[in-house]
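Report on the structure
If you want the building blocks of each chain, they are given just below.
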Amino acid sequence: MNSCDIEKITRLVLESLKKDDGATGYMVPVGVSARHIHLTQADVETLFGKGYQLTKKKDLMGGQFASNELVTIVGLKLRAIENVRILGPVRKASQVEISATDAVKLGIKAPVRESGNIAGSAPIAVVGPCGVLYLKEGCIIAKRHIHMSPADADRAGVKNGDIVSVKVDNERATTFNNVLIRVDPSFTLEMHIDTDEANAAEIRTGMKAEIVKG
């Protein structure tokens, strides 16, 4: 066997291993997502007054931004959490994203859902400076997920809607299963977990995680 044959066989083996491993070994930064709310324009006006527009505090990925506006969310038995930030721009449906700990504090049963999937989710009230909004559904615990651009997804060997496992290798080494892949040209590479998940695993925004199972 000559050197050309050896090189060809080696290349084929490496390509085969890459296909078998899928996204294994692909590193992603982690972002810790605190409780927040998305609102329709009509609901913004209910809370802040007719014609009110959200004001930008900080740009986020995908054209979103953290606004300067804060509200209070109220669950059953009038249990409340203050200073919940609104994210813009406005959406077609209002949605509140909280942690499991928040749900216990509020006295509600919020399901774990992908953002936007609010049918049959928990009811919640939202209090602003000019009014009160009651959502019959819309309060969820966000399913852990990874934002990716198409180029990132191609390099990782995954596609939109895939479910992967992700490992964080720190003192409290933790593997997160059932992590949803979300792909969009406007996305910046980042895995999003909530504050409960981050605190349990001693994870801070900016730490790196490894996709260990495609």
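Thresholds applied
- Residues numbered from 1 in each chain as written.
- Predicted model: local features only at pLDDT ≥ 70, side-chain atom pairs only at ≥ 80, totals over all residues.
- Heavy atoms only, no water.
- Helix = DSSP H or I, 4+ residues; strand = E, 2+ residues; numbered from the N terminus.
- Polar contact = N/O pair within 3.5 Å; in protein donor to acceptor, adjacent residues only side chain to side chain.
- Contact = heavy atoms within 4.5 Å.
- Pairing = 2+ DSSP bridges.
- Axes fitted to C-alpha atoms, helices over the stretch in contact; angles between N-to-C directions.
- Salt bridge = Lys/Arg side-chain N within 4 Å of Asp/Glu carboxyl O.
- Buried < 20%, exposed > 50% of the residue type's maximum accessible area, 1.4 Å probe, protein only.

The subject of this paragraph is the side chain of Ser149. Among the structural elements, Ser149 can be located in the loop between strand E10 (145–148) and helix H4 (150–156). There is a polar contact of 3.0 Å between the side chain of Ser149 and the side chain of Asp152. In this structure Ser149 touches Val183, Asp184 and Phe187, once residues within four positions along its chain are discounted.

All right, on to the sheet that holds strand E11 (residues 163–168) then. The strand order around the closed barrel formed by 6 strands is E1-E13-E10-E12-E11-E14, and the pairing between neighbours is mixed. When the angles between neighbouring strand axes are averaged without regard to direction, this sheet yields 45°. Alignment of E10 against strand E13 (residues 190–194), held across 3 bridges, turns out to be antiparallel. Bridging across to E13, His147 finds its partner in Glu190.

Here the structure, examined in full by the defined rule, presents 5 salt bridges. Between Asp102 and Arg35 there is a salt bridge whose closest N-O contact spans 2.9 Å. A residue pair is termed long-range when its members are at least 10 positions apart, and Asp102 in helix H3 (residues 100–106) and Arg35 in the loop between strand E1 (26–33) and strand E2 (36–38) qualify at 67 residues. Across the pair Lys159 and Asp162 runs a salt bridge, and its minimum N-O distance is 3.1 Å. By relative accessible area, Lys159 is classed as exposed at 54%.

Attention now goes to unusual backbone geometry. A cis amide bond, omega 0°, links Gly88 with the succeeding residue Pro89. Within the secondary structure, Pro89 is located in the loop between strand E5 (80–88) and strand E6 (95–98). Phi is positive for Asn83, close to 60°, though the residue is something other than glycine. Within the secondary structure, Asn83 sits in strand E5. The backbone of Glu202 shows a phi angle near 50°, a positive value even though the residue is not glycine.

This paragraph deals with the side chain of Asp152. Residue position: Asp152 is located in helix H4. Take Asp152: its relative accessible area is 10%, and that puts it in the buried class. Each residue touching Asp152, except ones within four places of it in the same chain, is listed here: Tyr26 and Leu189.

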